[in-house]
Amino acid sequence: MVPANTEAEARTLIRKIYAEEVKQNGVENVQILTPMRKGQGVSVNGMNEELHEMMNPAVRGRLEMKAAGRTFRAGDKVIQIRNKDGISNGDTGFINAVYLDGDGVEVAQIAFGSRTVEYDREQLEMVEHAYIQTVHKSQGSEYPVVILPWLSVFGNMLRRNILYTAITRAKVKLIIIGQKWAVERAVHNTESDKRNTRLGERLVRKYYELLDEQKPEEAVYEQMAINF
């Protein structure tokens, strides 16, 4: 747990710690997660391009591709944001190369695990940088090292299920940057655990059907289901 009381402090620490962890473990083994996508703070939109320029800056003479307001280079860590030809929304990969094909059209070659796919400029709009991702997008994935900013400014995103998902993405090391009380708030925030399935009511009804006993008044079912 690395203390940070403001987004400005957290951003500075994220950049520093991410660079250190990538140097030690490799960019493919380190992932920054955040509950926030929008905004200019500690969010996907607020930090992805900054981290991109820090980790993979422009090099004179090296070809780049621009799509959807983003600049893509060989070596970039990327995530698919729409399904395409067997590549699913949420798949992460790396750009192996950016080059001109035989017709002089710019192409980005992206490796998603063992599969390599070529993207033209239009198709590249289905991809964005993945140096920092949302906790939601990370579901189903695991990383040796996870860096997790957790701050009071996340507001109603400070929920137990989101924190649990983020923590369980880390296989070896988890680094939380933020406030302990924000973590405590999430641990005790179980509002999202409530489910309106009426399962209890259905089980009570089935119970009386199987026993062939006299059924209670209709209004009693709901209270019995709650107790169940």
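Below is a short write-up of the structure. (Residues numbered from 1 in each chain as written. Predicted model: local features only at pLDDT ≥ 70, side-chain atom pairs only at ≥ 80, totals over all residues. Heavy atoms only, no water.)

Spatial strand order, E1-E12-E11-E2-E10: five strands in an open sheet with parallel pairing. The sheet terminates laterally at strand E1 (2-3) and strand E10 (132-134), the two strands that pair on one side only. Here strand E2 (residues 30-34) runs beside E10; their pairing, made up of three bridges, is parallel. Looking at E10, one finds that Ile32 is bridged to Ile132. Most of the contacts of helix H1 (residues 7-25) go to strand E12 (residues 170-178), to which it runs at about 160 degrees, and overall it touches E1, E2, strand E11 (143-150) and E12. The strands that helix H2 (residues 44-55) touches are E2 and E10; relative to E10, the one it contacts most, it runs at about 155 degrees. (Pairing = 2+ DSSP bridges. Helix = DSSP H or I, 4+ residues; strand = E, 2+ residues; numbered from the N terminus. Contact = heavy atoms within 4.5 Å. Axes fitted to C-alpha atoms, helices over the stretch in contact; angles between N-to-C directions.)

If you walk through the whole model with that rule in mind, you get one cavity of 30 Å³ or more. The wall of the largest cavity is formed by Arg37, Ile79, Glu128, His129, Ile132, Gln133, Thr134 and Lys137. Going through the elements one at a time, strand E9 (127-129) and E10 are the ones with two or more residues in the lining of the largest cavity. Partitioning the lining of the largest cavity into residue classes produces two nonpolar, three polar and three charged. (1 Å grid on protein atoms, 1.4 Å probe; cavity = no way out; pocket = protein on both sides within 12 Å on 5 of 7 lines; lining within 4 Å. Points joined across faces, edges and corners; volume = space filled by probe spheres on them. Nonpolar A, V, L, I, M, F, W, Y, C, P; charged D, E, K, R; others polar.)

Looking now at the sheet that holds strand E8 (residues 115-119). With antiparallel pairing, five strands are arranged side by side in an open sheet as E8-E7-E6-E5-E9. Since the sheet does not close on itself, it has two edges, and those belong to E8 and E9, each with one partner. Each strand of the sheet is rotated relative to its neighbour by a mean of 40 degrees, with strand direction disregarded. Pairing geometry for strand E5 (residues 77-80) and strand E6 (residues 92-100), over three bridges, is antiparallel. Following the sheet pairing, Val78 is matched in E6 by Gly93.

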